[in-house]
Structure formats: structure tokens, C-alpha cells
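One letter stands for each residue in the lines below.
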Amino acid sequence: MDKSDFAAARIEVRDPSPASSDEKGVFHGSEPELLTWTEEEERRIRRKLDWRIVPLVTLLYLLCFLDRDADINNPANVGNARIQGMAKDLHLVGYRFNWALTVFYFTYTAVEIPSNAVLKYVGPKLWIPFLVLSFGIVSMCTAFVQSFNGLCVARAALGLAEGGVMPGIAFFLSSFYRRGELLFRVGIFVSAASMAGAFGGLFATGLARIPRWGTDATPIHTWRNIFFFEGLITMAVAIAAPFLMQTKPEECTFLTPREQLIAAERLAREHRAKAHEVVKWKHVKMAVFNVNNIVCAFGFFFVNVTVQSFSLFLPSILADLGWTATRAQLYSVPPYIVACLISISIAFVSDRTKMRGIYLATFPLLCVIGFTILRVSNNENLKYMAVFFSAAGAFPGGPGFLSWGLNNAAGPAVRAVSGGYIVAIGSFGAIVATWTYLLSDAPRYPIGHTINLVAQVIVACLATFGMFYIMRENRLRAAGKRDHRIEGMSEEDQDELGYLHPEFRYIQ
């Protein structure tokens, strides 16, 4: 245990004997003892969690991006469908396309914190698959939309279904992994955003080429195929998900009884809080007024401005270089593959070094370079190169800020609210993103590129401020300047302090 951990908690474990041992092998004597384990045991548990939990939530999030038309990082549907005939069929003239993108985020943002509160009560095993099933249904139904108004209604419904997915999965992972392990796993599942960008372009190209089918009244073709079949696949996976998901570490069916105890205890020692506490108003206030959460929420906001605008409009930007729709979609794939690999690599290094802010402060500089080139250059090849810089600099920011906030929000109830709060504020960046690239600015899009350049400068400044704030706060706690917070308090009341406890150390 390092200094960022709380004092060890005790659980009752007894020594095996013929008289007292049971079939699960968790009783070892009559007196409570401190549960101990080796590093190899913990590594083995972590590997089991990695193989059974992370791939499933990554798949669910990948489907979320493919379906969501335009959500947190997805170019796959609305962006690709736009150049596959949606704009013409639904008469998306003027700013109608931008409004169709925007309406999604009003409902999406509104449900994020309430959704995590419901998840805490219902449990992720049922709630997350329910959300995935819901947005699969909505996505499939979008294939039958016949007007701009119908598209807006479908997107508002999609926002209600998808709003809780990202914060819900992030909180779900934080219930299984320690703080120093979390970013790498969040980085993997959020990388589904960039994978959706890569596979979405390829998938959309293939689906759009399926011959016209359906009835004369409701023919399905080109862009409608994209929504119909991606929604259908999502529904099938969502129905199977509850049988594969776990609820909490101590109930993981793929762990032995001893491994279940260790998996739960290693988290209890780090967070020093009741694992199953119910979200109350005080937890909401603690999450909202956490300085680190404020930094992460607005960092996520400005990251999302770039990631969302990049994702939503990349196919159109490439098409405006004079490329065909198919070529624009296919050439949108490589930047997302690069972004995916870099996001996972940075998450891995960040967990190993147990540092967050330094990476969040430096990688936006790649975006600054990329959008500067896009802003001033007329060369087609240079602009395409700049797209790689922009993707590589922007995509690591989302999982980075979300994990940084969850790492420094002690207590499961506070973490649940924090995940929803950070993503909710960040989602407003997506609303800005839908208005950054306007048809009136094509094909150079000077306003959109400038907005994204400035946004990434602000991201770097916020991350730098967050680092210095945490360094100062940790020094004050080490010097005993926060010890007055626990004077005269019972141990139970001290546990309620969460990240405000003098012994708690922020991850920098």
C-alpha cells in the first residue's frame, strides 16, 4: 500500500480446521485477522477481471458508438449517413443537420447523473444492458424515419437511452479496479470510440451498399441500412449481456472464494467507505464541489468539443477535399486506429507512473499542431496528415479526465455521482461541437479549426492547474494542515469524509 491508500480495514477470516471450515474455505480460526495476500495473487485476480469484464464493456461501448448517430466520439452513423444520402432524403438543408445533432445532447446530458444514481440502486448487471438494448431499438427505428422532425424525435430518444452508458461503465469499472489500475481499463473501453470511428466507416460503407429491400411504403437502402443493421446487432448483444456481466468483486462467479475476498478487500482498504452506500444529497455536493472534479469536468468539456466535432464531421471534411463519399469514409479509418493505439498506450503508461495531469497537459499540443495546419494549409496531403495529429492529441483526453476524476473521488456514492457529473458537463462540449463546422464555411472550415485549436490550449491549461492544485493539497495534508477536519469525529464519521479525509492523497 502506498500513501494514497487509507488505513487497512479488517474483515473476519478464520483458520481452517475440521470442525469449523466450510466448503468455500473462508473460515480460518475464531479471531478476526488481517487478510493478507501476495502480489502474484493480486495479479492473477486482475488478469481474470481483465479478461472477463473489460472486453464485454468495451464491446457494449463500441456498439453504443456505432448506434448513437453522433454521440461521445462516433462518426459512424450520422456523419457517414449524411454523405450516403440522409441529407437529401430527409431534406436536411441549412442548419437542420446541426440541429439534428444538437437535440441528442439535451436529453443525453440531462440523464447522466440520474442514470448513475439508478445504476447504484438497481445494479450494473441489469441497468447497463437495459440501456444498450434501448439505444439499439431506437437506432433500428431510425431507419424508418421519413422527415427532419422524425429524426429529431429519434435522436432525443437516443439521448435518453445512451446518456447513462459512459458514466455507468466507468463507475462499474471503478468498482473492480484500484485507482492506479483504472485509467488503463477506462482507456481500453473508451478506445471503443476510436474503434467505432475506424470500423464505423468500413461498416457503414458495406451496409450502405446492401441492395434496396423492404416494402414499397418503407424501403430500406443506403443510410437506412446503417441504422437498421447496427441497431439489430446491438439488441442481440444487449440481450446476452446480463448473463455475462458481474455485479461486484465479492460475487464474481469466475473467482474462487478467497479471490472474491481479496478482490473486495483491496478496494475497501483503498477507499475506506461502505461499498454499497446509497447516493444521498451530500454525496452530490461532494462530487460537484470537488476542485479536481471541476477541472476534469471542464477539461472533458473542451476535449469533447474537439473529439465530437472531429468525429461528426470528418467524413464531410474529407469529402470536401474533393474525394468521393466512399473514399472519404475509407480514409477516415486510419486516424482512428492511430488514436486508439495512442489512447491505450498513454493510459497504460499513466497507470504505471500513477500520474494523470502531465499527459493531459502535453498531448493537446499535438492537436494545436494539427488544427494549425488544417487552418492555414491548402495542401491536401498536409491536411490529411494534420488529421492524424488532431486525433492522436484529442482522444486520450476523454478517458484521462474521467479516470482522474474517479481516482480522486473517494467513496462509491461520490464516485458514482462524479462519473455522471464529469460526463454531463463534458457532453455540453458536444453541443458546441455540432456548430463548429458549418456548411457556409466549407471547404476550409476556418472557424471550426480555430475553435478546436483554442479548445485544446484551454485543455492544457486546465490540466496544468489541476496538477499544481493537487501537489499543493497533498503537501498540506502531509504537513498535517488538514488534520483539523477529523478532530472530535468518530471513525464512522471520518469514513464519510471521503476525499476530504486528511489521510487521502490525490493522484497527480
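Our subject is the structure that appears above.
To keep things clear, this report deals only with the structure shown in the data block. (Residues numbered from 1 in each chain as written. Predicted model: local features only at pLDDT ≥ 70, side-chain atom pairs only at ≥ 80, totals over all residues. Heavy atoms only, no water.)

### Notes on the packing of helix α8 (residues 165-174) against helix α21 (residues 412-433)
Remark: α8 packs on α21, axes separated minimally by 8 Å, with the N-to-C direction vectors making an angle of 150°. Overall, the two elements α8 and α21 adopt an arrangement that is roughly antiparallel. Seen along the crossing, α8 lies across α21 with a hand that is right-handed. Contacts between α8 and α21 pair Met166, Pro167, Phe171 and Ser174 from the former with Pro412, Arg415, Ala416, Gly419, Gly420 and Val423 from the latter. A class-by-class count of the residues in the contact of α8 with α21 yields six nonpolar, three polar and one charged. (Axes fitted to C-alpha atoms, helices over the stretch in contact; angles between N-to-C directions. Helix = DSSP H or I, 4+ residues; strand = E, 2+ residues; numbered from the N terminus. Parallel < 35°, antiparallel > 145°, perpendicular 65-115°, else oblique. Left-handed = near helix turned anticlockwise from the far one by under 90°. Contact = heavy atoms within 4.5 Å. Nonpolar A, V, L, I, M, F, W, Y, C, P; charged D, E, K, R; others polar.)

### Quick word on the pattern of salt bridges
All told, the structure shown has 15 salt bridges when counted by the stated rule. Between Glu41 and Arg258 there is a salt bridge, with the nearest N and O atoms lying 2.8 Å from each other. Here Arg258 lies in helix α12 (residues 257-271) and Glu41 lies in helix α1 (residues 39-52), a separation of 217 residues in the sequence. Relative accessible area serves as the criterion here: at 15%, Glu41 is assigned to the buried category. Between Arg44 and Glu259 there is a salt bridge, with its nearest N and O atoms 3.3 Å apart. (Salt bridge = Lys/Arg side-chain N within 4 Å of Asp/Glu carboxyl O. Buried < 20%, exposed > 50% of the residue type's maximum accessible area, 1.4 Å probe, protein only.)

### Things to note about the environment of Cys340
As for its position among the elements, Cys340 is in helix α16 (residues 333-353). Residues Cys340 and Ala392, spaced 52 residues apart in sequence, show a C-alpha to C-alpha distance of 8.1 Å.

### What to know about the packing of aromatic side chains
Under the criterion given, the structure shown has 19 aromatic pairs. With a centroid separation of 5.2 Å and an interplanar angle of 85°, the aromatic rings of Tyr384 and Phe388 are classed as edge-to-face. You can see Tyr384 and its partner Phe388 sitting in helix α19 (residues 380-394), four residues apart, about one turn around the helix. Of the residues examined, Tyr384 reaches a relative accessible area of 16% and is grouped as buried. With a centroid separation of 6.4 Å and 55° between ring planes, the pair formed by Tyr469 and Tyr506 is classed as tilted. (Phe/Tyr/Trp six-rings, centres within 6.5 Å; stacked < 30°, edge-to-face > 60°.)

### A short note on a nonpolar patch on the surface
A cluster of nonpolar side chains, contributed by Val118, Tyr121, Val122 and Leu126, occupies part of the molecular surface with about 420 Å² of accessible area. Ranked by residues supplied to the nonpolar patch, first place goes to helix α5 (residues 112-122) with three residues. Among the structural elements, Val122 can be located in helix α5. Take Val122: its relative accessible area is 39%, and that puts it in the partly exposed class. (Patch = residues over 30% accessible without salt bridge, like charges linked within 9 Å, V, L, I, M, F, W, Y side chains within 5 Å. Areas by Shrake-Rupley, 256 points an atom, 1.4 Å probe, with all protein chains shown as cover.)

### Describing the side chain of Thr109
Looking at the element boundaries, Thr109 is found in helix α4 (residues 96-110). In contact with Thr109, other than residues within four places in its own chain, are Ala424, Ser427 and Phe428.

### A closer look at empty space enclosed by the protein
Throughout the structure, instances matching the rule amount to six cavities of 30 Å³ or more. For the largest cavity, the calculated volume is near 130 Å³. Residue lining of the largest cavity: 19 residues in total, with Ile346, Tyr359, Leu360, Pro396 and Gly397 positioned closest to the centre. Only α16, α17 (357-362), α19, α20 (397-407) and α22 (446-478) provide two or more residues apiece to the lining of the largest cavity. With four residues, the top contributor of residues to the lining of the largest cavity is α16. Of the residues belonging to the lining of the largest cavity, the class tally is 12 nonpolar, six polar and one charged. (1 Å grid on protein atoms, 1.4 Å probe; cavity = no way out; pocket = protein on both sides within 12 Å on 5 of 7 lines; lining within 4 Å. Points joined across faces, edges and corners; volume = space filled by probe spheres on them.)

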